[in-house]
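One-letter residues, chain by chain:
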Amino acid sequence: MLRGRAGAHALVPPVEPVGRTPLIDVGDAVVQNALRSSTNAVPAAAPHAAQFGWSQSSTLLNRTLVERGIEHWGNDARLCAVRKRLAAGERITVAAVGGSITAGSRYAAGVGSFGAREFLYHRKVLSALGKLYPQPGGHIGHNGGVPGTGPTYMEHCVHDHLPSPVDVVLLEYAVNTDGHAAAFERLLRTLLLLPRAALVVVNAHHWRAIAHDGRTDKCWNPRWPVAMATNRTQWAAQSFHQPAAMRDLHNRDEDAIGKLAAHYAVPLVSMRGALVDAVRAGELAIPSFMRDCKHPSGEGHTFLAQIALHRILTPPNATGRGVPPDAACGAAPPLPSPLHADGRQLPQSVCARGGQLQRFVRHTDGFAMTDEGRGAGKLGLVAKHAADTLALCLPPLTQPTAGATRREAARVLWLGYLRSYEHMGRARVTCADGCRCADDVIDAHDVKDGVSVTDVRRVQLRAPGRRDAPVDEGSNHSCCSMSLKVLPKSTSGEFKFKVMSLLLGGADAHDLQVFSLRVAATSAQARLDAGSPK
């Protein structure tokens, strides 16, 4: 529900009314001109969301709100090259990386259809580019979102969730950073090293609400009996740019991402920047564009798409803001030093699944790489007999540097395996040579009938210490040697064991959730089975 100016908060600067039908212009002459000159030309009147192929949208933001939504213009060199490729009639590839907002899981659950992916912000950017710069077969889109995960997962596995080559990467993690700004920085640095990709950070926002207990740090719930559209107290609950005492943890994550975007000169578009003043003024009600406090509705995805499209297609110097054009179109600036002490990419990071596991196999006796006739997404290392053994060679761990805490020196391995109701056995996990771990037994048999899923087991690794047994003379000092041996007894009476994936990370990886990694594994398997359709 949209409201007039009568109830505006006194501290809020004037805001142009948000457009209702007939729709307000996109706020960008570049977009207007492109619409009129494309082969799919539309009338010179203000564009309707449907003319972009944007369904479930009745509102577009006005120029003021679109401009406010660009929190950092950033370096334009890579986006300049993208605009040149579009103008030259080339097909481009747009990929999005993020959590459930990007993946569309919460949104799809709301409308009951996987087809809801067409309503996601990155799909709307893609469809608009198709209208503005038509291509036979369209431009290429790729959804690299994984529900329930944050940068602590994606920093290790981002290459599994991106096509190659890619022209534009939209990075969405503002509501999934969970205080791990250094992990976001490591992911950011990895993406900035891609050979030609233009990176745009897309920040959704965690909307606050005052709950029945009077607290203002609550996640807004649409089931609460609160009139968000008319309650001025709710308008004032939003804490961005308010006194420090009102700021919440969710804004701190967004602020940390904003500092990183400025440090690396990365364009950043922001739902918070565009809409928070309009929400405070009572011009825009949260339920009109959000499904809950974190997940936008189709309207909210349209707002994110509109701001991102504006930044992609608009040179900074064309805005009258005095932002100078970058000297070399397409040439990425060198990476600065990390902003966080542990913001540099981890040299010992590993993310492997399916056929990628083979490069970490040191020795096998009985384990074999196979998809068991079930498709590429089910590829793994499979044992079928007791005493079958798999020896893996992972990057060795070194002794922590002086001053490093035990947590900072930690390494964590997440081992993905098949858990099923039939045929499955048990395997013992041990470590040697360049690392140590507690001996563990993984039981892959699930007594629940009909259940077969990818599960994960966390293995805490440490470097060999003075108290450990001396390393054998013939051992491999260049490996963290991990062995799995199938045990002679099982609850199923059989001995199958299947290794599906490996994820080796640093201290932040300790906080990954088992559920999130299960979802990530399932998502990756589905993409492989489907051949990664656009």
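Along each chain, numbering runs from 1 in the same order as the chain's sequence is written. The model is predicted, so local features are restricted to residues of pLDDT at least 70 and side-chain atom pairs to those at 80 or more, both for listing and for counting; the totals for chains, interfaces and linings are taken over all residues. Only hydrogens and water are set aside when side-chain values are computed; all heavy atoms of the structure are taken into account.

Chemist: Just to check I follow, could you spell out the pattern of salt bridges for this structure?
Modeler: A side chain of one charge can pair with a side chain of the opposite charge if their charged atoms are brought near each other. A carboxyl oxygen of Asp or Glu within 4 Å of a side-chain nitrogen of Lys or Arg is what we treat as a salt bridge. If you walk through the whole model with that rule in mind, you get 18 salt bridges. A salt bridge links Arg186 to Glu155; the nearest nitrogen and oxygen atoms lie 2.6 Å apart. With Arg186 in helix H8 (residues 181-192) and Glu155 in helix H7 (residues 151-157), this pair connects stretches of sequence that are 31 residues apart. Judged by its relative accessible area of 5%, Arg186 is buried. The residue Arg419 makes a salt bridge to Asp455 at a minimum N-O spacing of 2.7 Å. Taken together, the residues Arg419 in strand S14 (residues 411-420) and Asp455 in strand S17 (residues 452-461) connect sequence positions 36 residues apart. Numbering of helices and strands runs from the N terminus, with a helix taken as a DSSP run of H or I at least four residues long and a strand as a DSSP run of E at least two residues long. Think of it in three bands: residues with accessible area under 20% of the maximum for their type are buried, residues over 50% are exposed, and the middle band is partly exposed, with areas taken using a 1.4 Å probe on protein chains only.

Chemist: Any chance you could explain the pairing of strand S9 (residues 350-353) here in plain terms?
Modeler: Successive residues of a regular strand alternate their side chains across the two faces of the sheet. Burial of the side chains of S9 extends over both faces: Val350 and Ala352 are buried on one face and Cys351 and Arg353 on the other. Whether two strands pair comes down to DSSP finding at least two bridges between them. As defined by bridge partners, S9 adjoins strand S19 (residues 497-505) across four bridges and the pair is classed as antiparallel. In the sheet register, Ala352 faces S19, and the bridge partner there is Leu502.

Chemist: Even after reading the chapter, I still don't get the nonpolar core, so can you show me in this structure?
Modeler: Nonpolar side chains in soluble globular proteins tend to end up buried together. Formed by 48 residues in total, the largest nonpolar core has its most connected members in Leu170, Trp207, Leu275 and Phe289. Going through the elements one at a time, helix H2 (63-68), helix H3 (77-87), strand S2 (93-98), helix H6 (121-132), strand S4 (168-172), strand S5 (198-203), helix H11 (271-280) and helix H12 (298-313) are the ones with two or more residues in this core. To qualify as a nonpolar core, a set must consist of buried Ala, Val, Leu, Ile, Met, Phe, Trp, Tyr and Cys residues joined through side-chain atoms within 4.5 Å.

Chemist: Would you explain H6 in this entry?
Modeler: In an α-helix there are 3.6 residues to a turn, and that puts residues three or four apart on one side. For a helix, the expected span equals 1.5 Å multiplied by the number of residues minus one. The end-to-end C-alpha separation of H6 is 17 Å, in line with the 16 Å expected for 12 residues at 1.5 Å each. The buried fraction of H6 is high, at nine of 12 residues. Here H6 has its buried residues at Tyr121, His122, Arg123, Lys124, Val125, Leu126, Ala128, Leu129 and Leu132.

Chemist: Sorry, what's going on with the side chain of Thr102 here?
Modeler: Assignment of secondary structure puts Thr102 in helix H4 (residues 100-103). Relative accessible area serves as the criterion here: at 0%, Thr102 is assigned to the buried category. Any pair of nitrogen or oxygen atoms within 3.5 Å is treated as a polar contact; in protein, a donor-acceptor pairing is required on top of that, and neighbouring residues in sequence qualify only through side-chain atoms on both sides. A distance of 2.6 Å separates a polar atom in the side chain of Thr102 from a polar atom in the side chain of Glu172. Contacts: residue pairs with any heavy atoms within 4.5 Å of one another. In this view, Thr102 contacts Ala96, Val97, Leu120, Tyr121, His122, Asn143, Gly145 and Glu172; residues no more than four positions away in its chain are not counted.

Chemist: Any chance you could explain the sheet that holds strand S1 (residues 70-72) here in plain terms?
Modeler: What holds strands together in a sheet is hydrogen bonding between their backbones, with the strands either parallel or antiparallel. Across the sheet, which stays open at both edges, the six strands sit in the order S1-S8-S5-S4-S2-S3 with mixed pairing between neighbours. A strand with exactly one partner marks an edge of an open sheet, and here the two such strands are S1 and strand S3 (140-143). When strand polarity is set aside, the average angle formed by the axes of neighbouring strands in this sheet is 25°. Two strands pair when backbone bridges link them, and S5 and strand S8 (residues 268-270) are joined in this way by three bridges, in the parallel orientation. Directly across from Asn203, in S8, lies its bridge partner Ser270. All axes here are fitted lines through C-alpha atoms, helices being fitted over the stretch that makes contact, and every angle between N-to-C directions spans 0 to 180 degrees. Strands in contact with H11 are S1, S5 and S8; relative to S8, the strand with the most contacts, it is inclined by about 30°.

Chemist: Could you clarify how one ought to interpret the packing of H3 against H12 in this entry?
Modeler: Packed helices, taken two at a time, are described by the angle their axes make and the gap between the axes. Closest axis-to-axis distance for the H3/H12 pair is 8 Å, and the angle between their directions is 85°. Between H3 and H12, the crossing angle belongs to the class labelled roughly perpendicular. Across the interface between the two elements, Leu79, Arg83 and Leu86 from H3 touch Arg311, Ile312 and Leu313 from H12. Angle categories: roughly parallel below 35 degrees, roughly antiparallel above 145, roughly perpendicular from 65 to 115, and oblique for all the rest.

Chemist: Would you explain the sheet that holds strand S10 (residues 361-365) in this entry?
Modeler: Strand order in the open sheet made by the five strands is S10-S13-S18-S15-S16, with antiparallel pairing throughout. Strand pairing shows two members of the sheet lacking a second neighbour, S10 and strand S16 (440-443), which therefore form its edges. Sheet twist, expressed as the mean angle between neighbouring strand axes with direction ignored, is 20°. Bridge count between strand S15 (residues 426-433) and S16: four bridges; the pairing is antiparallel. Bridge pairing in S16 places Arg428 opposite Val441.

Chemist: Would you explain the packing of H6 against H12 in this entry?
Modeler: Interaxial distance between H6 and H12 falls to 8 Å at its minimum, and their mutual angle equals 50°. Overall, the two elements H6 and H12 adopt an arrangement that is oblique. Considering only the axes of H6 and H12, their crossing is right-handed. Every residue of H12 that contacts H6 at Tyr121, Lys124, Val125, Ala128, Leu129 and Leu132 is listed here: Gly298, His301, Thr302, Leu304, Ala305, Ala308, Leu309, Ile312 and Leu313. Looking at the contact of H6 with H12, its residues break down into 11 nonpolar, three polar and one charged. The handedness criterion is simple: a crossing whose near helix is rotated anticlockwise from the far helix by less than a right angle is left-handed, and one whose near helix is rotated clockwise is right-handed. When residue character is reported, Ala, Val, Leu, Ile, Met, Phe, Trp, Tyr, Cys and Pro are called nonpolar, Asp, Glu, Lys and Arg charged, and the others, Gly included, polar.

Keep in mind that these numbers describe shape and distance, not what the molecule does.
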